[in-house]
Amino acid sequence: MFVGSFGLAAAEAVCGSGGLDVLDVADLLGSLVDKSLVVAEPAGMALRYRLLETIRLFAAGRLAEAGEEEATAAAAAHCAHFLAAAETAAPYLTGPEQGSWLARLDADQANLRRAADHTAGRPDGTAQVLRLGVALDRYWPARSRDQEAFGLLMPALRGPDADADPGLYAAALVTAARNAYWIDSATARQLARQAVEVARQLGDERLLIRALARLCDAYYHSGEPEKGCPFGQESAERARRLGDDVLLAWSLLNYLLTIDPARSGPLYAEAIACTERSGDHLINSILHNNGGGAALEAGDIAAARSHLDAAAQAAQQIGWENAFLPATLGDVLRAERDLDGA
């Protein structure tokens, strides 16, 4: 069932879902390692396991021979385990531990992808696909996997039962909108507008804040920042009233894209202070990068340099290869007349 490496907990969840006692899985796995049928590799303080491709293909054939019922049950257990892993990680992806939790998801990314593909292929899999997409809302951008997220969520959002759980539906619309604007800006606006509408109907303040910020962002990336500005302002005002540092930083990040850089300084300072209190390195890095661009536009090269240094440090904390950062740094170097460096 597994693609790439997997941990003992995953093996216990999948192999212990049938007639095998979960307490026996560790011993049996150790026996397979001793026979060189499974490879054990150190991963920090624990071990991860993997099969050589020839062995994996052989084992997949044996699973197929066992019959459709057993193969389906194993696939369902695999999906359930990695959906649970993503949902367990989600609350930690906005705080100071986000780097270690992103690394955990990195280790399981091949199995997360397989779980998503399997769930998406099931007639009753819509809710699970939406839950997985929402759980990985912060993972996708931190690993520049927007197209993968978009490809996963859009078929599910277009399904006849997508809105069976309106709260989940709106949250998935927010996630899909963020991943859509690099691919199809019109779709991003449509998804974000739907999310705002559903969130208002539900009276879900936190969801509405996120949806408004996403609609602001979608208009900005469509080249219409003036249309997005009111939504960004409303999002920030609502988040400020809640006193939620994570939501406020996220709202301000989007709102700041739509206002005059000349008056953005205090808002950048407020947003960055929010991320420093919450430990949100991802949004901190983006804010410093964007703040560097705004400072450069205002003619303050020293401030731009300071922002970019901070952006690089925050990105390093979470293992993010921030593609915007070298682009902004190139602008700074060009302003300093270092064309070769730029």
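Residue positions are given per chain, counting from 1 as you read along its sequence in written order. At least 70 in pLDDT is required for a residue's local features to be given in this predicted model, at least 80 for side-chain atom pairs to be given and counted, and no such filter applies to totals for whole chains, interfaces and linings, which use all residues. In computing side-chain properties, one takes all heavy atoms of the structure into account and sets aside hydrogens as well as water.

Let's talk about the pattern of salt bridges
For clarity, the cut-off: The term salt bridge refers to a side-chain nitrogen of Lys or Arg lying within 4 Å of a carboxyl oxygen of Asp or Glu. Classification of residues uses two cut-offs on accessible area relative to the type maximum, computed with a 1.4 Å probe and protein chains only: under 20% is buried, over 50% is exposed, and between them is partly exposed. Every helix listed is a DSSP run of H or I at least four residues long, and every strand listed is a run of E at least two residues long, numbered separately from the N terminus.
Scanning all chains against the criterion turns up 22 salt bridges. Here R50 makes a salt bridge to E41, at a shortest N to O gap of 2.6 Å. On the basis of relative accessibility, which here comes to 28%, the residue E41 falls in the partly exposed class. R131 serves as the salt-bridge partner of E87, at 2.8 Å between the closest nitrogen and oxygen. Residue E87 is located in helix α4 (residues 68–89), and its partner R131 is located in helix α7 (residues 126–135); the two are separated by 44 residues in the primary sequence. Among the residues examined, R131 registers a relative accessible area of 33% and is labelled partly exposed. Taken together, the shared-partner salt bridges connect R200, E205, E234 and R238 into one network.

Observations concerning unusual backbone geometry
Outside of glycine, negative phi angles account for most residues, and trans bonds account for most peptide bonds. Positioned with a positive phi, S36 is a non-glycine residue whose angle comes to about 65°. Residue placement: S36 occurs in the loop between α2 (25–34) and β1 (39–43). Positive phi values are uncommon outside glycine, yet R337 reaches one of about 70°. Among the secondary structure elements, R337 is positioned in the segment after α18 (324–335). The exposure class of R337 is exposed, given its relative accessible area of 68%.

Comments concerning the nonpolar core
As a reminder of what qualifies: Put simply, a nonpolar core is a bunch of buried Ala, Val, Leu, Ile, Met, Phe, Trp, Tyr and Cys residues held in one set by side-chain atoms that sit within 4.5 Å of each other. We call two residues contacting when some pair of their heavy atoms lies within 4.5 Å.
Counting residues in each nonpolar core, the largest one holds 88 residues, and the members touching the most others are L132, L157, L191, L252 and L287. Take this core: its biggest share by element is 10 residues, from helix α10 (residues 166–180). Apart from residues lying up to four places away in sequence, L132 is in contact with F82, L83, A86, L112, A116 and L152. In terms of nonpolar packing, the next biggest core, distinct from the first, is built from 7 residues, A304, L308, L325 and V332 among them.

Focus on the packing of helix α11 (residues 185–202) against helix α12 (residues 205–221)
Geometry of a packed helix pair, given as the angle between the helix axes and the separation of the axes. Rules: Every axis corresponds to a line fitted to the C-alpha atoms, with the helix fit spanning only the stretch in contact, and the corresponding angles, defined between N-to-C directions, vary from 0 to 180 degrees. Throughout this description, any angle smaller than 35 degrees is read as roughly parallel, any larger than 145 degrees as roughly antiparallel, any in the 65 to 115 degree range as roughly perpendicular, and the remainder as oblique. We call a crossing left-handed when the near helix sits turned anticlockwise from the far one by less than a right angle, and right-handed when that turn is clockwise. The residue classification treats Ala, Val, Leu, Ile, Met, Phe, Trp, Tyr, Cys and Pro as nonpolar and Asp, Glu, Lys and Arg as charged. All others, Gly included, are polar.
It is at 8 Å that the axes of α11 and α12 come closest, and there the two elements cross at 160°. In this view, α11 runs roughly antiparallel relative to α12, as classed from their interaxial angle. The handedness of the crossing between α11 and α12 comes out as left-handed. Across the interface between the two elements, S185, A188, R189, A192, R193, A195, V196, A199, R200 and L202 from α11 touch L207, L208, A211, L212, R214, L215, A218, Y219 and H221 from α12. Of the residues belonging to the contact of α11 with α12, the class tally is 13 nonpolar, 2 polar and 4 charged.

Concerning α11
An α-helix turns once every 3.6 residues. As a result, residues three or four positions apart point the same way. Counted only if it meets this: Here the expected span of a helix is defined as 1.5 Å times the quantity of residues minus one. Here a polar contact is recorded for every N or O atom pair within 3.5 Å, except that within protein the pair must consist of a potential hydrogen donor and a potential acceptor, and residues adjacent in sequence are included only if both atoms are side-chain atoms.
An ideal rise of 1.5 Å per residue puts 26 Å on 18 residues; α11 measures up with 26 Å between its terminal C-alpha atoms. For α11, every residue scored as buried is listed here: T187, A188, R189, L191, A192, A195, V196, V198 and A199. Check the buried side of α11 and you find it contacts α9 (146–157), α10 and α12. Here α11 starts with a cap whose side-chain oxygen sits 3.2 Å from the backbone nitrogen of A186, and that cap is D184. In the stretch just after α11, G203 is the one whose phi turns positive, near 70°.

Some details on empty space enclosed by the protein
Applied cut-off: Computed over the protein atoms alone on a 1 Å grid, cavities are sets of points where a 1.4 Å probe fits but cannot get out and pockets are open sets with protein on both sides within 12 Å along at least five of seven lines; a residue lines them when it has an atom within 4 Å of a point. Grid points are joined across faces, edges and corners, and a volume is the space filled by probe spheres set on the points.
Going through the model one piece at a time under the given rule, you end up with 1 cavity of 30 Å³ or more. Here the largest cavity defines a volume of roughly 50 Å³. Together, C79, F82, L83, A115, A116, T119, Q128 and L132 line the largest cavity. For the lining of the largest cavity, the secondary-structure elements that each account for two or more residues are α4, α6 (109–120) and α7. Looking at side-chain class alone, the lining of the largest cavity contains 6 nonpolar, 2 polar and no charged residues.

Concerning the packing of aromatic side chains
To be explicit about the condition: We call Phe, Tyr and Trp rings a pair once their centres come within 6.5 Å, taking the six-membered ring for Trp, and we label the pair stacked below 30 degrees between planes, edge-to-face above 60, and tilted otherwise. A ring has a charge above it when a Lys NZ or an Arg CZ is no more than 6 Å from the ring centre and no more than 35 degrees off the ring normal.
Scanning the model with the defined rule gives 7 aromatic pairs in all. Relative to W101, the ring of Y92 lies with its centre 4.4 Å away and its plane at 5°, an arrangement referred to as stacked. Relative accessible area serves as the criterion here: at 36%, Y92 is assigned to the partly exposed category. A relative accessible area of 10% means that W101 is categorised as buried. Following the ring pairs from residue to residue traces out a cluster consisting of F2, F6, Y49 and F82. In this arrangement the basic side chain of R104 is found over the ring face of W101, its NZ or CZ atom lying 3.9 Å from the centre. Across the ring face of W250, the terminal group of R210 is positioned such that the distance to the ring centre comes to 5.8 Å.

Re the layout of surface pockets
If you roll a probe as big as a water molecule over the atoms, it shows you where there is empty space left. If you add up the space inside the largest pocket, you get close to 1000 Å³. Lining the largest pocket are 29 residues, and of these M1, C15, L32, A59 and L63 lie nearest its centre. Contributing elements (two or more residues each) for the lining of the largest pocket: α1 (8–15), α2, α3 (53–65) and α4. Broken down by class, the residue content of the lining of the largest pocket amounts to 22 nonpolar, 3 polar and 4 charged. The computed volume of the second largest pocket comes to approximately 810 Å³. Forming the boundary of the second largest pocket are 38 residues, of which H221, L257, I286, N290 and F324 lie nearest the centre. Among the elements of the structure, α12, α14 (245–256), α16 (281–297) and α18 are those that each provide at least two residues to the lining of the second largest pocket. Here the lining of the second largest pocket takes 9 residues from α16, the largest share from any one element.

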